[in-house]
Protein chains: 2
Amino acid sequence: MRIAVDMDGVLANPYAQFIRDHEAEFGERKTMEETIGKAEFEAFPNGHLYCQKAGFFRNLPVIADSQRVLAMLHEQYEVFIVSSATEFPLSLAEKQSWLAEHFSFISWRQLVLCGSKQIVKADIMIDDHFKLLDYFEGQTILFTQPHNQLTESERHKRVFSWSEIESLLVG
Amino acid sequence: MRIAVDMDGVLANPYAQFIRDHEAEFGERKTMEETIGKAEFEAFPNGHLYCQKAGFFRNLPVIADSQRVLAMLHEQYEVFIVSSATEFPLSLAEKQSWLAEHFSFISWRQLVLCGSKQIVKADIMIDDHFKLLDYFEGQTILFTQPHNQLTESERHKRVFSWSEIESLLVG
């Protein structure tokens, strides 16, 4: 069984950096609550500019329990890390370095940096974006983030944590 | 119909740079004939080191007719450029820049930089490596390069040029 695991919003948390960069630009400190139900670039109108800055993707915090649970998945499944990255060329090397630092058991052979995930062939996909899960044919797991929190998830299994993924997938 | 097109050995030609870097290191100028039937890193024993040097992938020459024919494929198919890249992290940004320069009609949405191509879902794959075509389920086209020239291609359609790809795929 092959699992495609997203990076941003699933392994890495971009919100703290969006909040910091937004405050630096506009002098307004957004709370996580204010971002609920809003697309990331709606909550942070210049978010796409922050994503183009050197260091943005290199310094994202790791999402709780993802290291521990992904290590277990790695033992039982064929794991690929599949990340939308080519929109922000600087992110390519930064994402690979970030992954090597925080998930050193994942090799370069398991990393896919792409623009569209339509080309991905796997059995299970874990992502925080409906638009990426919606056209995936296998089992889909929606990782809860503020931007997807208010949308009803019918086809996709919604989880709130990596511990929940552990319960679902680790046998 | 979706086509996955390889970069090195199909759009970009690494041989001239391997020959130049090998000569700079060993003082021996290899001819293309000497490399026939040998894996790239067998013909150029330190080739993997040249691949790690800044600029290696950014400056590769474009393979004849690839721009003209790929532009036609781009009109008639869903084209993805799928390149093994994560083994050489420096290559990630260089490959994207190279593609933007020489194939400006290809957007970031169509680029996939990966370690293994097993995860690619497409109908047709054009590649110069047997090992990548062998596990692909769709139609396979082997682009002739010195390293694959002496191996019989049974399952894969061997082509010698982009004009041949044009005859095969452009309707």
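Residues numbered from 1 in each chain as written. Chains lettered and ligands numbered in written order. Predicted model: local features only at pLDDT ≥ 70, side-chain atom pairs only at ≥ 80, totals over all residues. Heavy atoms only, no water.

**Student:** Where do I start with the packing of helix α5 (residues 66-76) of chain B against helix α8 (residues 162-169) of chain B in this structure?
**Tutor:** All names here are of chain B. Closest axis-to-axis distance for the α5/α8 pair is 9 Å, and the angle between their directions is 20 degrees. Of the possible angle classes, the one that applies to α5 and α8 is roughly parallel. The two elements α5 and α8 cross, and the hand of that crossing is left-handed. Residue-level inspection shows Ser66, Arg68, Val69, Leu70, Met72, Leu73 and Gln76 of α5 in contact with α8, the latter providing Trp162, Ser163, Ile165, Glu166 and Leu169. Within the contact of α5 with α8, the residues separate by chemical class into seven nonpolar, three polar and two charged. (Axes fitted to C-alpha atoms, helices over the stretch in contact; angles between N-to-C directions. Helix = DSSP H or I, 4+ residues; strand = E, 2+ residues; numbered from the N terminus. Parallel < 35°, antiparallel > 145°, perpendicular 65-115°, else oblique. Left-handed = near helix turned anticlockwise from the far one by under 90°. Contact = heavy atoms within 4.5 Å. Nonpolar A, V, L, I, M, F, W, Y, C, P; charged D, E, K, R; others polar.)

**Student:** Mind showing me how you'd approach the environment of B:Met125 here?
**Tutor:** Residue and element names in this part refer to chain B. If you trace the backbone, Met125 turns up in strand β4 (residues 124-127). Taking the C-alpha atoms as reference points, Met125 and Thr140, 15 residues apart in sequence, are found 5.0 Å from one another. What Met125 contacts, discounting residues up to four positions off in sequence, is Ala4, Lys117, Val120, Leu132, Leu133, Phe136, Gln139, Thr140 and Ile141.

**Student:** Where do I start with the nonpolar core in this structure?
**Tutor:** Nonpolar side chains in soluble globular proteins tend to end up buried together. If you look at the biggest cluster of nonpolar residues, it comprises 80 residues, and the most contacted ones within it are A:Trp162 and B:Trp162. When residues are assigned to domains, this core turns out to be shared by domain 1 (2-13 + 61-169) and domain 2 (15-50) of chain A, each giving three or more. Excluding residues within four positions of it along the chain, B:Trp162 makes contact with B:Val5, B:Val10, B:Leu11, B:Ile63, B:Ala64, B:Asp65, B:Ser66, B:Val69, B:Leu70, B:Leu73, B:Ile126 and B:Phe143. (Core = buried A, V, L, I, M, F, W, Y, C linked by side-chain atoms within 4.5 Å. Buried < 20%, exposed > 50% of the residue type's maximum accessible area, 1.4 Å probe, protein only. Domains from an automatic or database assignment.)

**Student:** Can you help me understand the domain arrangement of chain A in this one?
**Tutor:** By a frequent convention, interface size equals the accessible area lost on bringing the separate parts together. Residue and element names in this part refer to chain A. Partitioning chain A into domains gives domain 1 (2-13 + 61-169) and domain 2 (15-50). Taking only C-alpha atoms into account, the centre of domain 1 sits 22 Å from that of domain 2. Each partner contributes residues to the interface: domain 1 has eight residues there, and domain 2 has eleven residues. For the pair domain 1 and domain 2, the summed buried area comes to about 820 Å², and 63% of that belongs to carbon and sulfur atoms. In terms of surface lost to domain 2, no three residues of domain 1 exceed Asn13, Pro146 and His147, which account for 55% of the buried area on that side. Residues of the side of domain 1 that touches domain 2, tallied by class, amount to three nonpolar, five polar and no charged. (Buried area = accessible area lost by both parts, 1.4 Å probe.)

**Student:** I would appreciate a short explanation of the interface of chain A and chain B in the present structure.
**Tutor:** Of the residues lining the interface, 23 residues belong to chain A; the matching set on chain B comes to 23 residues. Of the roughly 2,200 Å² buried where chain A meets chain B, counting both sides, 60% is carbon and sulfur surface. When residues of chain A are sorted by the area they lose upon contact with chain B, A:Trp108, A:Ile119 and A:Lys121 head the list and together hold 31% of the total. Run the count over chain A and chain B and you get zero salt bridges. Linking chain A with chain B are eleven residue pairs in polar contact (both at pLDDT 80 or more), by the criterion used here. Elements with a minimum of two residues in the side of chain A that touches chain B: β2 (78-84), α6 (90-102) and β3 (111-114) of chain A. Here the side of chain A that touches chain B takes four residues from β3(A), the largest share from any one element. (Salt bridge = Lys/Arg side-chain N within 4 Å of Asp/Glu carboxyl O. Polar contact = N/O pair within 3.5 Å; in protein donor to acceptor, adjacent residues only side chain to side chain.)

**Student:** What is the right way to read the relation of the copies chain A and chain B from this model?
**Tutor:** Copy one and copy two of the chain differ by a rotation about an axis and a translation along that axis. Aligned on chain B, chain A shows an RMSD of 0.0 Å; the corresponding rotation is 180 degrees and the shift along the axis is 0.0 Å. Both copies are brought into coincidence by an operation consistent with a two-fold rotation axis. Comparing interface residues between copies, 100% of those in chain A also lie at the interface in chain B; the contact surface is shared. (Least-squares fit on C-alpha atoms with pLDDT ≥ 70 in both.)

**Student:** Would you mind going over the pairing of strand β5 (residues 139-143) of chain B with me for this structure?
**Tutor:** Side chains on a regular strand alternate between the two faces of the sheet. Residue and element names in this part refer to chain B. For β5, a buried count of four out of five residues is recorded, marking the element as mostly surrounded by other parts of the structure. With four bridges connecting them, β4 and β5 associate as parallel partners. Counted as the bridge partner of Ile126 is Ile141 from β5. Bridging between β5 and strand β6 (residues 157-159) involves three bridges; their strand directions are parallel. (Pairing = 2+ DSSP bridges.)

**Student:** Even after reading the chapter, I still don't get the pattern of salt bridges, so can you show me in this structure?
**Tutor:** Pairs can form between side chains of opposite charge once their charged atoms are near each other. Residue and element names in this part refer to chain B. For the coordinates displayed, the defined rule picks out 20 salt bridges over all chains. One salt bridge in this structure joins Arg20 and Asp21, with 3.2 Å as the shortest N-O distance. Residue Arg20 is classed as partly exposed on the basis of its relative accessible area of 46%. Owing to a relative accessible area of 7%, Asp21 belongs among the buried residues under this scheme.

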